[in-house]
Every structure is written in C-alpha cells, then in structure tokens.
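Chain residues, written in single-letter form:
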Amino acid sequence: MRLTRNLSQGEVIRGSGYNSWEEVPGEQRQSISETAEEIFQPIREAMGKPVFVLAGGGIRSHEMNDRVGGAKRSQHLLGTALDLRCTDPGDTVKLYDLIVEMQSDGRLPHGGCALYLTKSDRPRFVHVDRRGRKARWNTGARSRADW
C-alpha cells in the first residue's frame, strides 16, 4: 500500500522493529501518514528525482530506537520524522539545502533538519521532522560535506 504517490508503507517500516503495517500502533500509523503527505511528497516533487527513506529512518519501535542509539524522545517514535537520501551524494547535500529552504519559506512544516555524514565526510542522509518548531544540529556538516 502507498502512503503517497512516491512512498509506500513498506519503505517507512523497513528497519522499524515492526514486521508489518498492522503491528504499528494506530496513532503512529496516522502520524507517519501525515508526515508522508506533509513532508515526503512535497520534498520529492521539489527535488524532481527519487528520494529514499533509509532503513530505520521512518517510524521506529522503542526497541529499535534503543538499538540504533536514537534520542530518548526521537521524532521517529512519534512518526513525525524521516531520514532521507538520494542515490548521488551531491544530491543528498542538495536535498538538505532544499529542506532548509522549504522549512524557512513555509512549504514544509516547521521542524528539525540535519545533515549526517560518513566518517570520511561523505553525505549519508538528511533527517527531517515536523516537530512544530525549528531545530538544527550537526550544523558544521554542511561545510564539511565532501562528494
């Protein structure tokens, strides 16, 4: 089943700690569906090319969140966050810049945004969420990104 034209339920539960969509608590299912509509689809359309949700980068069970070292009050637990990447590392940096711009100009809800890099400073993924207020971390990653 699809949450949006470009995002399936399977993509947001892959690596979540849940074995099926039906295992996901109803409130979390509703929230990730809203996140798909309000965050993922507008980003995908603005990028004009494929954008992927990392395994474990959609919704998460508490057990999976602990296993991956997620924040105690991670937005992934609420279904309000996505970790996204593009095939090309340079496009992942462009994705980060686009999300910051879209959050600033109101095309996306206010929320968190951070660029994550590999140990060798290659762009790895972008975290985006709809927490209702601006939040930024890893701010030096953008200037270090090497691709």
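Residues numbered from 1 in each chain as written. Predicted model: local features only at pLDDT ≥ 70, side-chain atom pairs only at ≥ 80, totals over all residues. Heavy atoms only, no water.

### With respect to the layout of surface pockets
Regions of empty space are outlined by a rolling probe, equal in size to a water molecule, passed over the atoms.
Then, in step 1: Size it by volume and the largest pocket reaches roughly 460 Å³.
Then, in step 2: As for the largest pocket, its lining consists of 21 residues, and the residues nearest its centre are Arg60, Gly70, His76, Asp83 and Tyr116.
Then, in step 3: Of all elements in the fold, only α4 (75-78) and β6 (123-129) reach the threshold of two or more residues within the lining of the largest pocket.
Then, in step 4: When grouped by side-chain class, the residues that make up the lining of the largest pocket number seven nonpolar, eight polar and six charged.
Then, in step 5: For the second largest pocket, the calculated volume is near 150 Å³.
Then, in step 6: Taken together, Tyr18, Pro25, Glu27, Gln28, Ser31, Arg60, His62, Leu77 and Leu78 make up the full set of residues lining the second largest pocket. (1 Å grid on protein atoms, 1.4 Å probe; cavity = no way out; pocket = protein on both sides within 12 Å on 5 of 7 lines; lining within 4 Å. Points joined across faces, edges and corners; volume = space filled by probe spheres on them. Helix = DSSP H or I, 4+ residues; strand = E, 2+ residues; numbered from the N terminus. Nonpolar A, V, L, I, M, F, W, Y, C, P; charged D, E, K, R; others polar.)

### Focus: the nonpolar core
Then, in step 1: By size, the foremost hydrophobic cluster in this structure holds 33 residues, and its most contacted members are Val12, Ile43, Leu82, Leu84, Leu95 and Ile99.
Then, in step 2: Counting residues per element, the ones that place at least two in this core are α1 (9-13), α2 (26-47), β4 (81-85), α5 (89-105), β5 (112-117) and β6.
Then, in step 3: With residues near it in sequence (within four places) discarded, Ile99 still touches Ile43, Leu84, Leu108, Cys113, Val126 and Val128. (Core = buried A, V, L, I, M, F, W, Y, C linked by side-chain atoms within 4.5 Å. Buried < 20%, exposed > 50% of the residue type's maximum accessible area, 1.4 Å probe, protein only. Contact = heavy atoms within 4.5 Å.)

### Points about the packing of α2 against α5
Then, in step 1: α5 packs onto α2 with a crossing angle of 120 degrees between their chain directions and a minimal axis gap of 11 Å. Classified by the interaxial angle, the pair formed by α2 and α5 is oblique. Where α2 crosses over α5, the two elements pack in a sense that is right-handed. When α2 is examined against α5, the residues Pro42, Ile43, Ala46 and Met47 are found in contact with a partner set consisting of Asp91, Leu95, Leu98, Ile99 and Met102. (Axes fitted to C-alpha atoms, helices over the stretch in contact; angles between N-to-C directions. Parallel < 35°, antiparallel > 145°, perpendicular 65-115°, else oblique. Left-handed = near helix turned anticlockwise from the far one by under 90°.)

### Remarks on the pattern of salt bridges
Then, in step 1: Counted by the stated rule, this structure contains eleven salt bridges.
Then, in step 2: A salt bridge links Lys49 to Asp91; the nearest nitrogen and oxygen atoms lie 3.1 Å apart. Pair noted here: Lys49 is in the loop between α2 and β3 (52-53) and Asp91 is in helix α5, with a separation of 42 residues, a long-range link.
Then, in step 3: Among the residues examined, Asp91 registers a relative accessible area of 10% and is labelled buried.
Then, in step 4: Between Arg142 and Asp97 there is a salt bridge, with the nearest N and O atoms lying 2.9 Å from each other. One end of the pair, Arg142, is in helix α6 (residues 141-144); the other, Asp97, is in helix α5, and 45 residues separate them in sequence.
Then, in step 5: Asp97 sits in the partly exposed class, given a relative accessible area of 31%.
Then, in step 6: Each of the salt bridges in this network shares a partner with another, and the network as a whole consists of Glu34, Glu38 and Arg130. (Salt bridge = Lys/Arg side-chain N within 4 Å of Asp/Glu carboxyl O.)

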